[in-house]
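Report on the structure
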Amino acid sequence: MIQKLLFMIRNYFITALRNLSRRKIYSFINIAGLSIGLACAMLIILYVKDEVSYDRFHSNVGNIHRIVTQGIDKNGVKGRKDPNTGYLQGPRFAQNIPEIKTFVRVQSGEKDIKTGMEVKGQELLYVDSVFFDVFSFPLISGNRHSCLKDPSSVVISEAVAKKQFGTTDAIGKMIMMKDDSAFVPHTVTAVAKKCPQNSSIKFDMLLPMKETKEMR
């Protein structure tokens with residue numbers, strides 16, 4: 001039975017090769033078209049899969065909603081959407097909408113960091129202290145619930161930890177950051193793993209957001 005099956009397959013294969021050799025141009029067009037179509041379909045599937053996977057690693061992703069701002073000029077023309085919502089929306093919305101359990105504001109910034117006699121700029125994010133309660137970014141070390149409570153604390157990525165201290169064991173170490181005209185020490189309270197590639201928020205350094213009465 002197996003021999004008959006192999007014989008049939010061999011005959012089909014030979015017949016197919018003969019047909020292809022007789023109609024070379026026609027066969028080439030069909031095979032090339034099929035190959036290109038399959039390749040395009042695979043690329044589209046991979047692209048869509050990557051797009052829909054963004055931020056799905058957060059444990060409570062179903063309850064996280066992102067607010068964006070959009071400017072409208074005097075003629076009613078809508079401008080581009082901006083993910084930076086400002087300081088007031090979170091507190092004001094939470095005060096008036098009971099369904100909002102908590103909020104996290106994220107603002108980009110930059111600080112000068114002093115290492116020895118060398119000063120370099122470092123991009124960072126200012127965030128609310130509940131940042132790691134809402135988002136499931138993995139930490140190498142540190143308490144995710146309290147690491148951003150102290151105004152002088154700082155959370156760094158493993159890349160920054162190795163760059164600054166030569167190790168990821170950086171809890172309790174100091175980073176000198178320029179605040180106004182003076183360099184102020186900030187204590188490392190947590191070290192985070194590299195942010196997933198499919199995250200809309202990426203960071204190497206986090207600082208607690210300093211609030212004023214106007215921000216509430």
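Relevant structure appears above.
Source: prediction; values computed, not measured. (Residues numbered from 1 in each chain as written. Predicted model: local features only at pLDDT ≥ 70, side-chain atom pairs only at ≥ 80, totals over all residues. Heavy atoms only, no water.)

Concerning the pattern of salt bridges
Under the counting rule described, the total for this entry stands at four salt bridges. For R105, the salt bridge goes to D128, with nearest N and O atoms at 2.9 Å. Of this pair, R105 sits in the loop between α3 (89-96) and β3 (106-115) while D128 sits in the loop between β4 (118-127) and α4 (131-134), and the two are 23 residues apart along the sequence. R105 gets classed as buried once you look at its relative accessible area, which sits at 3%. (Salt bridge = Lys/Arg side-chain N within 4 Å of Asp/Glu carboxyl O. Helix = DSSP H or I, 4+ residues; strand = E, 2+ residues; numbered from the N terminus. Buried < 20%, exposed > 50% of the residue type's maximum accessible area, 1.4 Å probe, protein only.)

Topic: helix α2 (residues 24-52)
The first and last C-alpha atoms of α2 sit 42 Å apart over 29 residues, in line with the 42 Å expected at 1.5 Å per residue. Little of α2 is tucked away, with one of its 29 residues classed as buried. (Expected span 1.5 Å × (residues − 1).)

A closer look at a negative patch on the surface
Negative charge collects at one region of the surface, where E110, D112, E123 and D204 lie side by side. Along the chain, E110 falls in strand β3. (Patch = residues over 30% accessible without salt bridge, like charges linked within 9 Å, V, L, I, M, F, W, Y side chains within 5 Å. Areas by Shrake-Rupley, 256 points an atom, 1.4 Å probe, with all protein chains shown as cover. Lys, Arg positive; Asp, Glu negative; His and termini not counted. Charge placed at Lys NZ, Arg CZ, Asp CG, Glu CD.)

Side note on the packing of aromatic side chains
Taken as a whole and assessed by the stated rule, the structure comprises eight aromatic pairs. Residues F131 and F203 carry aromatic rings whose centres are separated by 5.9 Å and whose planes lie at 85 degrees to one another, so their mutual orientation is edge-to-face. Of this pair, F131 sits in helix α4 while F203 sits in the loop between β8 (182-192) and β9 (205-208), placing them 72 residues apart in sequence. A relative accessible area of 6% means that F203 is categorised as buried. Within the aromatic cluster, the residues linked to one another by ring pairs are F57, F131, F132, F135, F137 and F203. The ring centre of F183 lies 5.5 Å from the NZ or CZ of K114, which sits over that ring. (Phe/Tyr/Trp six-rings, centres within 6.5 Å; stacked < 30°, edge-to-face > 60°. Lys NZ or Arg CZ within 6 Å of the ring centre and 35° of its normal.)

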